[in-house]
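Residue-level listing of the chains:
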Amino acid sequence: MLNALIDNWHLSFGGVPPEVIVRAPGRVNIIGEHTDYNEGWVLPGAMSRSLYVLVSRNTHGGHHWIASDLNEELESPEHILEYGEYSWARYIQGAISIYAPGIGPLRLMIGGDLPVGAGISSSSALVCGMLYALQQLTEKTESREELALLGQRVEREIIGVQGGIMDQFAIMMSEPGHVMLLDCRTRQHRLIQADLPGCKWILINTKVKHALVDSDYNQRAAQCAQAVAHLQTIDPKIKSLRDVSIDMLASADLPEVLLQRSAFVVQENERVHHMVRALGLHDADAAGQFLQASHAGLKELYEVSCDELDHLAAFANTYPGVWGARMMGGGFGGCVICLLEEEIFDSFSRDVTLAYHQRFGFDPEIIEFELAGGVSRITRPG
Ligand code: GLA
């Protein structure tokens, strides 16, 4: 994968190798969805599938950026702007403008095996990989946490998605073999083992991404803020849904939609802690129940699922040997994360693919992964 990219680099830019090569992993999340921007808890990790950023300063020319997998190529800032708000170039440009606006022209190539629009945060991987590559180029020394927060700024200020800090923290700071229990208010985090004996975590990619994902996402964040404003009239100490209990909600007289959204967030925060306990006890049955309950809440209360995700989750959640499955990430498409007995992996993969194909006319993608470390510089390609 990386070797092919390096070959392409030499074909495109000649014999001088890139000054910096960075690997930026995708993000998985065991549980704790739509809780990060409500100052709650999440349980994400970095995955073995990654995006690579290859970069050099171009002292003799202008910008020249290549997205190797897409066969797209840009050669001037004007051209980059024409590319529109959501293209890969916008994320790169966002990282440059926040971190190193004066850096000058770059030769840059990106590529890898992270599917785009699959809810595994390829956009944050690109932003975080870019920020880290720029840090290496400029030899500055911010901490990974500082870079993660800059990554969040790129997405909020340049891209316009009012996201939390889960993706950037997981991509910047994960450790191999672990997920991270992250408190999104205090930003304290600790590593958690997510392995359960005889079990396997997999992703199933619906391969769909429905339109308006970003505006729906921002609308959910706005609804949570409205609920908080309402709850503050009862108790001014409430700063976010993190400070709210189910009992408070029951007596608050919130409009129905805001009550649903808030109830989901409050319950999902509780599920994160229950999940950590279940993982510690190696209790796959309990872990599976929390996954199933999370999906039900995302579907019915938070309303961020879609037919394709529901179909995969429902199939998995009634399949013998699957402990539980739920949609992962922002929603409206992307992946389901699934905990299953290792020994049924082959038969389940075959059957879920068939069932999905029968319903939607194309195959989902089964993604096996290891829990990997965060963003890193690659010094010896190979
Ligand atoms: C997206 C956002 C994250 C988080 C999830 C939902 O991935 O980037 O900050 O809010 O959705 O949990």
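Use the structure listed above.
## Brief notes about the site of the ligand
Step number 1: What surrounds the ligand is the set R27, E33, H34, D36, Y37, G164, M166, D167, Y217, G329 and G330.
Step number 2: The contact in question runs from an oxygen atom of the ligand to an N or O atom on the backbone of G164, over 3.1 Å.
Step number 3: One nitrogen or oxygen atom from the side chain of Y217 is found 2.5 Å from an oxygen atom belonging to the ligand.
Step number 4: Considered on its own, the ligand offers 310 Å² of accessible surface; in the complex 91% of this is hidden by protein.

## Details of the packing of helix α9 (residues 256-280) against helix α10 (residues 284-300)
Step number 1: Between α9 and α10, the shortest axis-to-axis distance is 10 Å and the interhelical angle comes to 165°. Taken together, the axes of α9 and α10 lie roughly antiparallel to each other. Between α9 and α10 lies a crossing of left-handed hand. Contacts between α9 and α10 involve Q260, F264, E268, R271, H274, M275 and A278 from the first element and A286, A287, F290, L291, A293, S294, G297, L298 and E300 from the second.
Step number 2: Grouping the amino acids of the contact of α9 with α10 by side-chain chemistry returns nine nonpolar, four polar and three charged.

## Brief notes about the sheet that holds strand β9 (residues 199-209)
Either a parallel or an antiparallel arrangement is found when strands of a sheet pair, and the pairing is made through backbone hydrogen bonds.
Step number 1: Read from one edge to the other, the open sheet built from four strands follows the order β10-β11-β9-β12, with strand pairing classed as antiparallel. Because the sheet does not close on itself, it has two edges, and the strands there are β10 (322-327) and β12 (365-368). Looking at each pair of strands side by side, their axes are set apart by 25° on average, direction ignored.
Step number 2: Here β9 runs beside strand β11 (residues 333-341); their pairing, made up of eight bridges, is antiparallel. Note that in β11 the partner of K209 across the bridge is G333.
Step number 3: In the packing of α10 onto the sheet, contacts are made with β9, β10 and β11, and the angle to β10 comes to roughly 30°.
Step number 4: Each of β9, β10 and β11 touches helix α11 (residues 307-317); the most contacted strand, β11, lies at about 5° to it.

## As for the state of the cysteines
Step number 1: For the structure on display, the rule yields zero disulfides.
Step number 2: Just so you know, C199 is unpaired, no disulfide at all, and the nearest cysteine sulfur is the one on C338, 10 Å from it.
Step number 3: C306 forms no disulfide, and the closest cysteine sulfur to it belongs to C335, at a distance of 11 Å.

## Here's the deal with the side chain of S68
Step number 1: With respect to the helices and strands, S68 occurs in the loop between β4 (64-67) and β5 (72-74).
Step number 2: A distance of 2.9 Å separates the side chain of S68 from the side chain of N8, its partner in a polar contact.

## What about the pattern of salt bridges?
Step number 1: Applying the stated criterion across every chain yields a total of 12 salt bridges.
Step number 2: Between R27 and D167 there is a salt bridge, and its shortest N-O distance comes to 2.7 Å. Taken together, the residues span a long stretch of sequence, with R27 in strand β1 (residues 20-29) and D167 in helix α6 (residues 166-173) at a distance of 140 residues. Residues R27 and D167 agree in their burial class; the two are buried.
Step number 3: Its salt-bridge partner being D183, residue R242 comes within 2.9 Å of it at the nearest N-O pair.

## Observations regarding the environment of I158
Step number 1: With respect to the helices, strands and loops of the structure, I158 is situated in helix α5 (residues 144-159).
Step number 2: C-alpha of I158 to C-alpha of Y91: the two residues are 67 residues apart in sequence and 8.0 Å apart in space.
Step number 3: Here I158 is in contact with R90, G94, S97, I98 and R153, once residues within four sequence places are set aside.

## Looking at the pairing of strand β3 (residues 44-57)
Step number 1: For β3, the buried fraction is high: 12 of the 14 residues fall into the buried class.
Step number 2: Pairing between β1 and β3: nine bridges, direction antiparallel. Looking at β3, one finds that V20 is bridged to V55.
Step number 3: Of the pairings in the sheet, the one linking β3 to strand β6 (residues 106-112) comprises seven bridges and is antiparallel in character. Within β6, the position partnered with S56 by the bridge is R107.

## Considering the nonpolar core
Step number 1: Counting residues in each nonpolar core, the largest one holds 124 residues, and the members touching the most others are L43, L106, L203 and F348.
Step number 2: Membership of the second largest hydrophobic core comes to 10 residues, among which are L2, I21, Y52 and I66.

## Overview of helix α1 (residues 2-13)
Since the α-helix turns once every 3.6 residues, residues separated by three or four places project in the same direction.
Step number 1: End to end, α1 covers 16 Å across 12 residues, agreeing with the expected 16 Å (1.5 Å per residue, within 8%).
Step number 2: Buried residues of α1: L2, L5, I6, W9 and F13, and no others. Viewed end-on, α1 has its buried residues packed into an arc of 100°, placing them on one side of the element.
Step number 3: Buried positions along α1 lie against β1, β3, β4 and β6.
Step number 4: Once α1 ends, the next one or two residues include G14, with phi positive near 90°.

Thresholds applied
- Residues numbered from 1 in each chain as written.
- Predicted model: local features only at pLDDT ≥ 70, side-chain atom pairs only at ≥ 80, totals over all residues.
- Heavy atoms only, no water.
- Near = heavy atom within 4 Å.
- Polar contact = N/O pair within 3.5 Å; in protein donor to acceptor, adjacent residues only side chain to side chain.
- Areas by Shrake-Rupley, 256 points an atom, 1.4 Å probe, with all protein chains shown as cover.
- Axes fitted to C-alpha atoms, helices over the stretch in contact; angles between N-to-C directions.
- Helix = DSSP H or I, 4+ residues; strand = E, 2+ residues; numbered from the N terminus.
- Parallel < 35°, antiparallel > 145°, perpendicular 65-115°, else oblique.
- Left-handed = near helix turned anticlockwise from the far one by under 90°.
- Contact = heavy atoms within 4.5 Å.
- Nonpolar A, V, L, I, M, F, W, Y, C, P; charged D, E, K, R; others polar.
- Pairing = 2+ DSSP bridges.
- Disulfide = S-S within 2.5 Å.
- Salt bridge = Lys/Arg side-chain N within 4 Å of Asp/Glu carboxyl O.
- Buried < 20%, exposed > 50% of the residue type's maximum accessible area, 1.4 Å probe, protein only.
- Core = buried A, V, L, I, M, F, W, Y, C linked by side-chain atoms within 4.5 Å.
- Expected span 1.5 Å × (residues − 1).
- Arc of directions from axis to C-beta.

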